[in-house]
Amino acid sequence: MSDVADSPDRPGRPVGRRVVLGLLGLGAVGVATGSAVQGWFDDHLGSAVRASGLGSVVPIDRWRYYTVTGSFPDPPRGGFRLRVSGLVDRPLDLTLDALEGLPTVELTRDFQCVTGWRVPDVHWTGVRLRDLLDRAGVRPEGTALRFTSFDGDYTESLTLEQGLRDDVLVAHRMGDAPISREHGGPVRLVVAPMYGYKSVKWLDGVEVTERVRPGYWEVRGYDVDAWVGRSNGRTDPAT
Ligand SMILES: Nc1nc2c(c(=O)[nH]1)N[C@H]1C(S)=C(S)[C@@H](COP(=O)(O)O)O[C@H]1N2
Ligand SMILES: [Mo]
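All figures in this text were calculated on a predicted structure; none of them were measured in a lab. Sequence order sets the numbering: in each chain, residues are counted from 1 along the sequence as written. A letter from A marks each chain and a number from 1 marks each ligand, given out in the order of writing. Where local features are concerned, this predicted model is filtered to residues with pLDDT of at least 70; where side-chain atom pairs are given and counted, the filter is 80 or more; whole-chain, interface and lining totals use all residues. Excluding hydrogens and water, the side-chain figures rest on all heavy atoms present in the structure.

(A) Representation of the side chain of His183 within the structure. A helix here means a DSSP run of H or I that spans at least four residues, while a strand means a run of E at least two residues long, and both kinds are numbered starting from the N terminus. Inspection of the secondary structure puts His183 in the loop between β10 (177-178) and β11 (188-191). Contacts are assigned to residue pairs that have any heavy atoms within 4.5 Å of one another. When residues no more than four places from it in sequence are discounted, the contact partners of His183 are Trp63, Arg64, Tyr65, Met174, Arg188 and Lys201.

What follows is the structure, encoded as structure tokens:
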């Protein structure tokens, strides 16, 4: 068990009160020792704990480092590039310097994973996705966006309308530092109104497409529209 989780949670069995209380013992060990047990505990039971009101004794308000590949990728050989492609008039191929040279915006929002942990008031600096799309010139047939990561596996999607919102950033700073490698640097997507799985780490591509192509977790059962509070993150009604 470690803080590097390969799955945000598993849909399925509801967690009974006895299980929650039983595991609270383990959670308490984790609190006392700072051990990885705590990470496992609240990754798996964060939402149950929050719902049960036990959140006050089990810290669930801290970051995890997620990566579906099991490791943190190195930037691609030849250097980092962000590409904006697909149904656009002027594809972009941006170095980090070029991206950082564009007008920046700042945004402070809670960051929430669908498994129940949440980090309050995270401060991001970056470029509005809308500005990049404006520069590239979205063609009339383009109605959706597909995002890729240089980890080689992770993908995400938004409708074009969602991607044009003010609170969707291509971020290069978090807090007052460049985004760390663990948190998806040099550049990550931040979709502030949606669950964390929308916020692609190690972002390297934005493609304008004709329709939404469900992303990594979405083909594994998570909601394509991941609004915090309006979606449970999953299509399975039992969870
Ligand atoms: N490339 C990539 N991006 C990703 C993930 C991932 O595994 N790989 N996990 C997602 C999930 S489920 C969450 S909650 C957030 C976690 O961000 P963090 O690892 O910076 O805490 O990243 C999202 N973006
Ligand atoms: Mo997540």
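What follows picks up the thread again.
(B) Molecular detail of the nonpolar core. Think of a nonpolar core as a cluster: buried Ala, Val, Leu, Ile, Met, Phe, Trp, Tyr and Cys residues, connected wherever their side-chain atoms sit within 4.5 Å. A simple rule labels every residue: compare its accessible area, found with a 1.4 Å probe on the protein chains alone, to the largest value its type can have, and call it buried under 20%, exposed over 50%, or partly exposed in between. If you look at the biggest cluster of nonpolar residues, it comprises 55 residues, and the most contacted ones within it are Leu99, Trp124, Leu132, Leu145, Phe147 and Val170. Take this core: its biggest share by element is five residues, from strand β9 (residues 168-174). Setting aside its immediate chain neighbours within four residues, Leu99 contacts Leu82, Leu94, Val127, Leu132, Val170, His172 and Val187.

(C) Region of interest: the sheet that holds strand β4 (residues 92-94). Should DSSP find at least two bridges between two strands, the strands are regarded as paired. Sheet architecture is open: five strands sit in the order β4-β3-β12-β7-β8, paired in mixed fashion. Every other strand in the sheet has two partners, leaving β4 and β8 (155-159) as the edge strands with one partner each. On average, adjacent strands in this sheet sit at an angle of 15 degrees to one another, irrespective of strand direction. Relative to β8, strand β7 (residues 144-149) is paired through five bridges, and the arrangement is antiparallel. For Thr148, the partnering residue across the bridge sits in β8 and is Thr155. Axis definition: a line fitted to C-alpha atoms, limited for helices to the stretch in contact. Angles are taken between N-to-C directions and run from 0 to 180 degrees. Relative to β4, helix α4 (residues 129-136) is tilted by about 130 degrees, and along the sheet it contacts β3 (82-86), β4, β7 and β12 (203-209).

Honestly, it's all geometry; don't read function into it.
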